[in-house]
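Listed here are the chains, written in short residue letters.
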Amino acid sequence: MVFFEYTSGSTIFTKYMWRAADSPNVVVLGDGWTSIADIAFQYGTITSIEIPASVTSIGMQSFFSTGSLSSVTFVGTSRLDRIEQLAFSHSGITSIEIPSSITFIGDAAFKNASSLESVTFAGESLLTSIGTDIFTGSGLTTFTAHLSVLNLFEVTEGDNQTVGLKSGVEVIDSSPPPACFPAGTPVQTDQGVTAIEQLVPGEHTLRGKSIIAITQTRPLQKHIVCFEKDSIGKNVPSQQTLCSKEHKVLYRGEMIKARDLADMCKNVKKVAYNGETLFNVLLEKHGKMLVNNMICETLHPENIAANFVKAKSSPSKRAVA
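Residues numbered from 1 in each chain as written. Predicted model: local features only at pLDDT ≥ 70, side-chain atom pairs only at ≥ 80, totals over all residues. Heavy atoms only, no water.

**Student:** Before we go on, may I ask you to explain the packing of aromatic side chains in this structure?
**Tutor:** The description of an aromatic ring pair uses the distance of the two centres, along with the angle that the planes make with each other. Taken as a whole and assessed by the stated rule, the structure comprises 10 aromatic pairs. Feature note: the residues Phe-41, Phe-63, Phe-88, Phe-110, Phe-121, Phe-135, Phe-143 and Phe-153 constitute an aromatic cluster, connected by ring pairs. In this structure, Arg-82 packs its charged tip against the face of Phe-104, placed 4.0 Å from the ring centre. (Phe/Tyr/Trp six-rings, centres within 6.5 Å; stacked < 30°, edge-to-face > 60°. Lys NZ or Arg CZ within 6 Å of the ring centre and 35° of its normal.)

**Student:** What exactly am I supposed to notice about the sheet that holds strand β8 (residues 95-98) here?
**Tutor:** Consider a sheet: its strands pair through backbone hydrogen bonds, and that pairing is either parallel or antiparallel. Pairing in this open sheet of 4 strands is parallel, and the strands run β8-β10-β12-β13 from one edge to the other. Edge positions in the open sheet fall to β8 and β13 (170-173), since each of these has one partner strand only. Strand-to-strand twist of the sheet, defined as the mean angle between neighbouring strand axes without regard to direction, takes the value 10°. Inspection of the sheet shows strand β10 (residues 118-121) paired to strand β12 (residues 142-145) by 3 bridges, in the parallel sense. Considered in β12, the bridge of Thr-120 is made with Thr-144. (Pairing = 2+ DSSP bridges. Helix = DSSP H or I, 4+ residues; strand = E, 2+ residues; numbered from the N terminus. Axes fitted to C-alpha atoms, helices over the stretch in contact; angles between N-to-C directions.)

**Student:** Help me understand the sheet that holds strand β17 (residues 205-206), please; the structure alone is not making it clear to me.
**Tutor:** Here 4 strands make up an open sheet; going across it, the order is β14-β24-β18-β17 and the pairing antiparallel. Only two strands of the sheet have a single partner each, and these edge strands are β14 (181-182) and β17. In this sheet, strand β18 (residues 209-217) lies alongside β17 in antiparallel orientation, the contact comprising 2 bridges. Within the sheet, the bridge partner assigned to Thr-205 lies in β18 and is Ser-210.

**Student:** Explain the nonpolar core here, please?
**Tutor:** Formed by 43 residues in total, the largest nonpolar core has its most connected members in Ile-49, Phe-88, Phe-110, Phe-121, Phe-135, Phe-143 and Phe-153. Where this core is concerned, the elements lending two or more residues are β2 (26-29), β4 (48-51), β6 (71-74), β8, β10, β12 and α1 (147-152). Apart from the residues within four sequence positions on either side, Phe-88 is in contact with Ile-58, Phe-63, Leu-69, Val-72, Ile-83, Ile-93, Ala-109, Phe-110 and Ala-113. Phe-181, Val-225, Ala-262 and Met-294 belong to the second-largest nonpolar core, a separate cluster that totals 26 residues. (Core = buried A, V, L, I, M, F, W, Y, C linked by side-chain atoms within 4.5 Å. Buried < 20%, exposed > 50% of the residue type's maximum accessible area, 1.4 Å probe, protein only. Contact = heavy atoms within 4.5 Å.)

**Student:** Can you help me understand the environment of Leu-282 in this one?
**Tutor:** Along the chain, the position of Leu-282 falls in strand β24 (residues 278-283). A sequence separation of 69 residues divides Leu-282 from Ala-213, and the C-alpha atoms of the two residues are 5.2 Å apart.

**Student:** Quick question: what am I supposed to make of the environment of Ala-53 here?
**Tutor:** Within the element layout of this structure, Ala-53 appears in the loop between β4 and β5 (57-58). Once the C-alpha coordinates of Ala-53 and Thr-34 are considered, the two residues, 19 residues apart in sequence, prove to be 8.5 Å apart. Apart from the residues lying within four places of it in its own chain, the contact partners of Ala-53 are Asp-31, Val-75, Gly-76, Thr-77, Ser-78 and Arg-79.

**Student:** What exactly am I supposed to notice about the side chain of Thr-144 here?
**Tutor:** You can see Thr-144 is positioned in strand β12. Beyond its immediate stretch of four places on either side in the chain, Thr-144 contacts Val-119, Thr-120, Phe-121, Ile-172 and Ser-174.

Here is the structure:
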């Protein structure tokens, strides 16, 4: 095994730098590097690499056909911005956690990486642009990302040939779970009972707490939960109530997800979700609200929809995410 550690000097790998058969197996880079050049490791015998936070780009075909490469680790708080086309195509990587700083992934970046089983987009990703055939021919079985990334990849129940996500890949939404209600759901406010979609930030309050926004989402899920009248207590709820399956509801002194209550309570059931717009209330802090006599959580401030409205909307207007 050939080990290479470089901690100072040039800030870029040159083309073909370690293309030869005697290239190092294990590479650890110091903070001097800001990029990895096109074709730097192409056809090399590298088995693992540690990439420091200072690296902002991984060049075109930089790890192309590195069949022995199984481990890619990003060290520290990464500033990686771009993964260029064919960067890891035909490589041997088995999994990768892509830093949240990434904004661009080029065509066929992981194409024919047949050992690649797991891809995770860390945190709330800044990814805004992707190419085609990114995962075509890979062995991908698990794809984990925030809702913003899932929407960008247009993850569906079937094949997505555009980026090469095949049917059967387990899709995991890593953003804080959605917690929301259909239009018409009555919310008890300090000003009276109001349908959730009619709540107005700056006018309605919940127990003296100002409403920052009313969010609108269409979560990636097959079911929502139906609470029949009296299903979790006398007059709780006071009428049939629908909510997203991850929404927490007070039951016997604990906040419990609606989907779990469907297993615990006879008249709480999962029903098909038809894709309609669902709404929730965003307060400055994660809190509670009263819906048909049920105590339910408000939207978590770290949810992707919450972050969107906080960034894009003024406090005095109803917000859409």
